[in-house]
Amino acid sequence: METSHGICRIAVSLGENHSRALLEQVEHWQSFLALVNMIMFCTGIPGHYPVNETTSSLTLTFWYTLQDDIMSFEAEKQAVYLQVYRPVYFQLVDVLLHKAQFPTDEEYIFLPKSCSPTWRSLTGFCVSFFFQHTEALLYGFQSIAETIDVNYSDLADTVMFTIGQFRLFSHVQTITFPRALAEWLADHPVMLSSVLPLVLQALGNPDLSVSSVSTLKKICRECKYDLPPYASNIVAVSQEVLIKQIHKTSQCMWLMQALGFLLSALPVEEILRNLHSLITPYIQQLEKLAEETPNPSNKLAIIHILGLLSNLFTTLDITKQEEESGENAPPIKSVPPQTGPNPVVVVLQQVFALIQTVLSKWLNDSQVVEAVCAIFEKSVKTLLHDFAPMVSQLSEMLGQMYSTIPQASALDLTRQMVHIFASQTNDFPPIKALFELVTSVTLTIFQQGPRDHPDIVDSFMQLQAQALKRKPDLFLSESLDVKAVFHCGVLSLKFPEAPTVKSTCLFFTELIPHCADIPPVAQVVQEDGKLLLLAVLEAIGGQSSRSLMDQFAEVLFCLNKHCFALLTVWLKEALRSPGFPSSRVSLEQKDTFSQQVLRERLNKRRVKDIVKEFTLVCRGLHGTEYAADY
């Protein structure tokens, strides 16, 4: 084995490094072909990689190199070389398929199958073959499926038809191949009738859990407008496997996402009917759990049910359907226009009271609260303005949840609400009240010590930045302590967690431009802006990771652009202090940095370069090999 491994390395090295030169020596073409055949033998060396041979993988790069070299020649030469080497690559496919086979195993079913002439012409293999060979073929087709031109689909037609005839439900590759061709199926919906029975039957097999559910999900996503005739069957089979608890939690979530894609293409009446049929068992379970005394088992069941609902609502989106049913919709796809209230909103309104009942017993449990937030966050992202009828209810519940047990998930949901509804006149009052409440509660956390809650600080800064971006008027409220929020931001810049620092820098880049139009912002920046600058300079001086320098540079650029006169004074005062922001920089270097920054009020990229250069000096890394490689 060692000897053959060494010979292979020599042959492959010769081929990889000199293939073009050897190709050009036309008079020695037979010698080079002999070398290629030697490498072919190494690719197909007996044994199963990597158990009892490790030689075959050494050759794979060579085949790419040879292909690239042949295709780099002009058309006339290329045609000559292809005559010689096209058969070599056909042989390579056979060799690779052989190497891809699993070892013979008594547990594998012997598959006597009389192949059609078309199938024989495709594979070139005998009439009867072991499943290992079939599985390797399917794996090979799957690996190239995404590159198949849907306009040249004879190959895919034949393979897909044959898969539909096999009904090999106990093997993974049979199921994953249709997944790889999901986009092709969208252009050839007639084949769905052959493929779907295979996938739906596989759903009932626990051994095929991951492959069958992921395949159905991709088909439902890519082919949803062709699936209405099969919708009732897909929903029924999915309900059955969910009730029998055949799949693990993650696969159950994928399955609900698949059903969301499927239902999105149906008329509203059918969506509502299927939704009620699908979620009624879970609502009944939730009602029962809400009446029982809280215990760990009930908690897991509640979180599981809420997770199923949130994953269903993640992909159940009829708003896109309405967009796609316009003039630019594909003429072949018939998309029914939707009228009336969004069915997801109807269902959410019906279960809202039940969710409140569950929360009344589990309001102090962070995991249950997070699961509830996930349902509404995903629903809001999907429904957008269709969610408006529930804004007031949800705002009130969110305020109650966050006041009881502050959590990042509640802040993230609040941010989504602000993003979508803060600019809507009718929805502004409840959004304003919610924003002020969560801000007040979070400021209390900062007073008590925020260091143990970096996730809350991160989400809070993102929320403040979103409010400034979408509805700056929120910062005009007398109920909002802008000065306190500003100081919380300065403190958050010193957190070691990079995501928190990035979110805080984003907050300041949104806040500072409003010095001109929001008096409370102008006042706090004028009075305490120097504290912000000092925090930024400390970070640049070495207190924060070098990977965050771009974010700090953006804050510095923002101050320079909108508060130039103040920044000029603050920089002079701050950099005058000995040893600040680093003992490694001289007064002259600090003066140069200050002048360079103040000069760049339009070129943000240049300011970032200046900051990166200065932070290297501050850290004693300027000119080192380490800095050059970073």
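Residues numbered from 1 in each chain as written. Predicted model: local features only at pLDDT ≥ 70, side-chain atom pairs only at ≥ 80, totals over all residues. Heavy atoms only, no water.

Now for the overall build of the protein. When helices and strands are counted, the protein shows 30 helices and two strands. For the protein, the proportion of contacts with a sequence separation of at least 24, taken over those separated by at least 6, is 74%. Accessible area for the protein stands at about 30100 Å²; split by element, carbon and sulfur atoms hold 53% of it. (Helix = DSSP H or I, 4+ residues; strand = E, 2+ residues; numbered from the N terminus. Contact = heavy atoms within 4.5 Å. Areas by Shrake-Rupley, 256 points an atom, 1.4 Å probe, with all protein chains shown as cover.)

Under the 1.5 Å per step criterion, the end-to-end length of helix 22 (residues 454-470) is 24 Å for 17 residues, consistent within 8% with the ideal 24 Å. Burial analysis of helix 22 places twelve of its 17 residues in the buried class, the great majority of the element. Packed against the buried residues of helix 22 are helix 19 (391-404), helix 20 (408-421), helix 21 (428-448), helix 23 (482-492) and helix 24 (498-511). (Expected span 1.5 Å × (residues − 1). Buried < 20%, exposed > 50% of the residue type's maximum accessible area, 1.4 Å probe, protein only.)

If you look at the biggest cluster of nonpolar residues, it comprises 159 residues, and the most contacted ones within it are Phe376, Phe387 and Phe475. Take this core: its biggest share by element is eleven residues, from helix 17 (residues 343-362). If you look at the next biggest cluster of nonpolar residues, it comprises 21 residues, including Cys8, Leu35, Trp63 and Val88. (Core = buried A, V, L, I, M, F, W, Y, C linked by side-chain atoms within 4.5 Å.)

With respect to the element layout, asparagine 311 can be found in helix 15 (residues 296-315). Given a relative accessible area of 9%, asparagine 311 falls into the buried group.

On to the packing of helix 25 (residues 519-543) against helix 27 (residues 564-576), then. Here helix 25 crosses helix 27 at 50°, and the two axes come no closer than 10 Å. Between helix 25 and helix 27, the angle is such that the two are oblique. Crossing of helix 25 against helix 27: the hand is right-handed. Contacts from Val525, Gln526, Gly529, Lys530, Leu533, Leu534 and Leu537 in helix 25 reach Leu566, Leu567, Trp570, Leu571, Glu573, Ala574 and Leu575 in helix 27. Residues of the contact of helix 25 with helix 27, tallied by class, amount to ten nonpolar, two polar and two charged. (Axes fitted to C-alpha atoms, helices over the stretch in contact; angles between N-to-C directions. Parallel < 35°, antiparallel > 145°, perpendicular 65-115°, else oblique. Left-handed = near helix turned anticlockwise from the far one by under 90°. Nonpolar A, V, L, I, M, F, W, Y, C, P; charged D, E, K, R; others polar.)

Okay, the pattern of salt bridges next. For the coordinates displayed, the defined rule picks out 16 salt bridges. The salt bridge involving lysine 494 is made with glutamate 538; its shortest N-O contact spans 3.9 Å. Remark: glutamate 538 occurs in helix 25 and lysine 494 occurs in the loop between helix 23 and helix 24; sequence separation between them is 44 residues. Given the relative accessible area of 28%, glutamate 538 is considered partly exposed. With a shortest N-O distance of 3.9 Å, arginine 605 and aspartate 609 are connected by a salt bridge. Of this pair, arginine 605 and aspartate 609 are both found in helix 29 (residues 604-618), four residues apart, which corresponds to roughly one turn of the helix. (Salt bridge = Lys/Arg side-chain N within 4 Å of Asp/Glu carboxyl O.)

A few words now on unusual backbone geometry. With omega at -5°, the peptide bond leading from tyrosine 49 into proline 50 counts as cis. Residue glutamine 245 is not a glycine yet carries a positive backbone phi of 55°. For glutamine 245, the position within the fold is in the loop between helix 12 (231-243) and helix 13 (249-264). Taking relative accessible area as the criterion, glutamine 245 reaches 65% and is therefore assigned exposed. Non-glycine residue leucine 384 carries a positive phi angle of around 55°. Its place among the elements puts leucine 384 in the loop between helix 18 (366-383) and helix 19.

It is worth spelling out the environment of histidine 453 at this point. In this structure, histidine 453 sits in the loop between helix 21 and helix 22. Between the C-alpha atom of histidine 453 and that of proline 406, which follows or precedes it by 47 residues, the distance is 9.8 Å.

Moving on: the packing of aromatic side chains. Two descriptors summarise a pair of aromatic rings, namely the distance from one centre to the other and the angle between the planes of the rings. What the rule picks out here adds up to twelve aromatic pairs. Seen from their ring centres, phenylalanine 435 and phenylalanine 475 are 6.2 Å apart, and the 50° between their planes marks the pair as tilted. Taken together, the positions of phenylalanine 435 in helix 21 and phenylalanine 475 in the loop between helix 22 and helix 23 put the pair 40 residues apart, joining distant regions of the chain. By relative accessible area, which is 0% here, phenylalanine 475 ends up buried. (Phe/Tyr/Trp six-rings, centres within 6.5 Å; stacked < 30°, edge-to-face > 60°.)

In this section: the packing of helix 20 against helix 22. Where helix 20 meets helix 22, the closest approach of the two axes is 9 Å, and the angle between their N-to-C directions is 10°. One finds that helix 20 runs roughly parallel with respect to helix 22. For the pair helix 20 and helix 22, the contacting residues are Ala408, Leu411, Asp412, Thr414, Arg415, Val418 and His419 in the first and Asp455, Ile456, Ser459, Phe460, Gln462, Leu463, Gln466, Ala467 and Arg470 in the second. A breakdown of the residues in the contact of helix 20 with helix 22 according to their chemical character gives seven nonpolar, five polar and four charged.

A word on the environment of tryptophan 362. With respect to the helices and strands, tryptophan 362 occurs in helix 17. Under the relative-accessibility criterion, tryptophan 362 is labelled buried at 8%. Ignoring any residue separated from it by four or fewer positions in sequence, one finds tryptophan 362 in contact with Pro294, Asn295, Asn298, Lys299, Ile302, Val368 and Val369.

This paragraph deals with the side chain of aspartate 528. Among the secondary structure elements, aspartate 528 is positioned in helix 25. The class for aspartate 528 is buried, based on a relative accessible area of 11%. Residues within four places of aspartate 528 in sequence aside, it is in contact with Lys483, Phe486 and His487.

On to helix 27. With 13 residues, helix 27 extends 18 Å from end C-alpha to end C-alpha; this agrees with the ideal 18 Å at 1.5 Å per step. Among the residues of helix 27, Leu567, Trp570, Leu571, Ala574 and Leu575 are the ones counted as buried. The buried residues of helix 27 occupy one face: seen down the axis, they fall within an arc of 110°. Of the exposed residues in helix 27, those oriented more than 90 degrees away from the buried face are Ala565, Lys572 and Arg576. (Arc of directions from axis to C-beta.)

Moving on to the confidence of the model for the protein. Summarising the model, the protein shows a mean pLDDT of 86, and 84% of its residues fall at 70 or more. In the predicted structure, residues 111-129 sits below a pLDDT of 50 and forms 27 contacts with residues beyond four places in sequence or in another chain. Within the model, pLDDT remains below 50 along residues 322-337, and this stretch shows 13 contacts once partners closer than five positions in the same chain are excluded. (pLDDT = per-residue confidence, 0-100.)

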